[in-house]
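# Coordinates in review
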Amino acid sequence: MTQNSIADNRMVWLDVVRCVAMLMVIGVHCIDPFYISPTMRVIPEYTHWAAIYGSLLRPSVPLFVMMTGLLLLPVRQQPLGTFYKKRIFRVLFPFLIWSVLYSMFPWFTGLLGLPKEIIGDFFCYTQGHESQSLIDSLKDVAMIPFNFSHKENHMWYIYLLIGLYLYMPFFSAWVERASNKTKQIFLFIWIVSLFIPYIREYVANMLFDRSGYVFGTDTWNEFSMFYYFAGFNGYLLLGHYLKEGGNGNALKIFWPFSGSSKDDRLTNDWSVWKTFLICAVMFAIGYYVTYTGFSTTAANPNATETEMELYFTFCSPNVLLMTLAMFLMLQKVVINTPVIVKALANMTQCGFGIYMVHYFVVGPFFLLIGPSEIPIPLQVPLMANLSFRLAENVRLNLAAGPYVAYSVGDKNIGKYNEYTPGYSGGYGSYGFNYYGGNGGYLYGDGWIGQGFSYESRTHDNPFDWGLSFQAGLEIGSCVMSVGYDASLGKEYDYDSVDLKYHTFSLSVGYKFKLGK
């Protein structure tokens, strides 16, 4: 193993990988408006820099998956429920809470009287389809168990992560017993599967007009010959395979059939310069394919989003080359300065929260920076830096529960006179509620005939109770919260317990630091 850890055996280089991957993820989302927004896509300079930065930052998600495999495979012996509870629940509840907030955001903008176009400004994938309807927001909430909406595109990774957690205990049983040679062969077959998107597009579609169906797939079967080796589980195994610093055998995953099967030992025999040179070549090849493919497609004004994203596919050979190169290079990083080590550790501990929050602020920062005089090449690093720093300082506060209230105001007296019809040719009397004891009106030309009238006195109930819900955001020292109260108490003696009033509140504040 690369010796780069502090006293508690923490792998510092892995904190570096995690920090780099977080910045890459934020950077990837910062370029979304460059080529997703209809107004920006027609500007060639924006699509040009989207290709440059988008290609450069593709290793982001694969690096996270590799770190998951490195840290968790093989899964130590424990009950299945214990593993799921520890791993899935820690991401599930924050994911649900933030997904609901993203889904309800359009409705909140309507309550505040903001134009619906602001939704597209925050989330570029919704441009042209903005809606502030409560029904549409609730539909998005109901859809959360099945898929993400275009207001929280980044949440797709959480579905992937939960799937990997579900799969890992079973995959782990094989990983624990398989030789490194066997793992190399598995990874080789996985690499073959990475070519499927291009085979589907350029072979099945263009040469044979097969509508993208390859290796046994068709309308009745979506699982191809390589299905069981495909996907992110290859990155998961690759992270585990390289855990022991095995960059000396890293290239064997591209052709594992040479050498003796007994020569199964992973070694870390590359020098820093050799690692840099080999990784630079791999990264350059992967980057060239990614950049050329995306920029060529994006230059076509009729290209669909699916066609443009083809070369950005995470599970592709070009992205694998860049990801593997970055991982091996960062594995060689050595940091011994305690201050930097501590800063990296603290920063990475906030990683999941930063991931949840950052998509809320990418759009507003683009609105702020995009029209400015700042050169486009500098806009993405600046947006990523601001989004990272802001998201790091964001805290979400949620509150829910009952409330009890008591009114100290005067009680009101009400009087009601019922309309009393008289005999034919006569008149009746009529009255109405009045409050405060100052009297009301009674009119008619006398009392003729039989009838009735009554007077009743009721009092406001001084007690009230109900349910209260609040959500607040702390950004540094600034605080903003929204609240909703539902009154359920009996207002009058003859009332029943049911929903009486809805109260919405919005508050903003600033926290002063007093004392030491």
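One structure accompanies this document, and this report is about it.

## Regarding unusual backbone geometry
Residue Pro 74 follows Leu 73 across a cis peptide bond; omega there is -10°. Looking at where Pro 74 falls in the secondary structure, it is placed in the loop between helix 5 (60-72) and helix 6 (80-111). At Phe 215, a residue that is not glycine, the phi angle is positive and equals roughly 50°. Structurally, Phe 215 is set in the loop between helix 11 (196-205) and helix 12 (233-241).

## Notes on the side chain of Lys 151
Checked against the element boundaries, Lys 151 lands in the loop between helix 8 (134-143) and helix 9 (156-177). Contacts of Lys 151, omitting those with residues within four sequence positions, involve Tyr 102, Ser 103, Pro 106, Phe 123, Thr 126, Asp 140 and Tyr 359.

## A look at the packing of aromatic side chains
Considering all chains together, one arrives at 45 aromatic pairs under this definition. Relative to Tyr 53, the ring of Trp 49 has its centre 5.8 Å away and its plane inclined at 35°; by these criteria the two rings are tilted. Highlighted residues: Trp 49 and Tyr 53, both in helix 4 (residues 44-56), separated by four residues, approximately one helical turn. Overall, the relative accessible area of 15% leaves Tyr 53 in the buried class. Between the aromatic rings of Trp 190 and Tyr 235, the centroid separation amounts to 4.9 Å while the plane-to-plane angle is 80°, which identifies the pairing as edge-to-face. On the criterion of sequence distance, the pair formed by Trp 190 in helix 10 (residues 180-193) and Tyr 235 in helix 12 is long-range, its members being 45 residues apart. Neither residue differs from the other here; Trp 190 and Tyr 235 are each classed as buried. Joined through ring pairs, the aromatic side chains of Phe 64, Trp 156, Tyr 157, Trp 190, Phe 232, Tyr 235, Phe 314 and Tyr 355 make up one cluster.

## Some points on empty space enclosed by the protein
Summed over all chains, the structure comprises one cavity of 30 Å³ or more. Within this model, the largest cavity holds a volume of roughly 40 Å³. In terms of lining residues, the largest cavity is bounded by Met 22, Val 25, Ile 26, Gly 351, Ile 354, Tyr 355 and His 358. Secondary structure elements with two or more residues in the lining of the largest cavity: helix 1 (12-30) and helix 17 (351-357). Considered class by class, the residues forming the lining of the largest cavity number five nonpolar, two polar and no charged.

What counts and how
- Residues numbered from 1 in each chain as written.
- Predicted model: local features only at pLDDT ≥ 70, side-chain atom pairs only at ≥ 80, totals over all residues.
- Heavy atoms only, no water.
- Helix = DSSP H or I, 4+ residues; strand = E, 2+ residues; numbered from the N terminus.
- Contact = heavy atoms within 4.5 Å.
- Phe/Tyr/Trp six-rings, centres within 6.5 Å; stacked < 30°, edge-to-face > 60°.
- Buried < 20%, exposed > 50% of the residue type's maximum accessible area, 1.4 Å probe, protein only.
- 1 Å grid on protein atoms, 1.4 Å probe; cavity = no way out; pocket = protein on both sides within 12 Å on 5 of 7 lines; lining within 4 Å.
- Points joined across faces, edges and corners; volume = space filled by probe spheres on them.
- Nonpolar A, V, L, I, M, F, W, Y, C, P; charged D, E, K, R; others polar.

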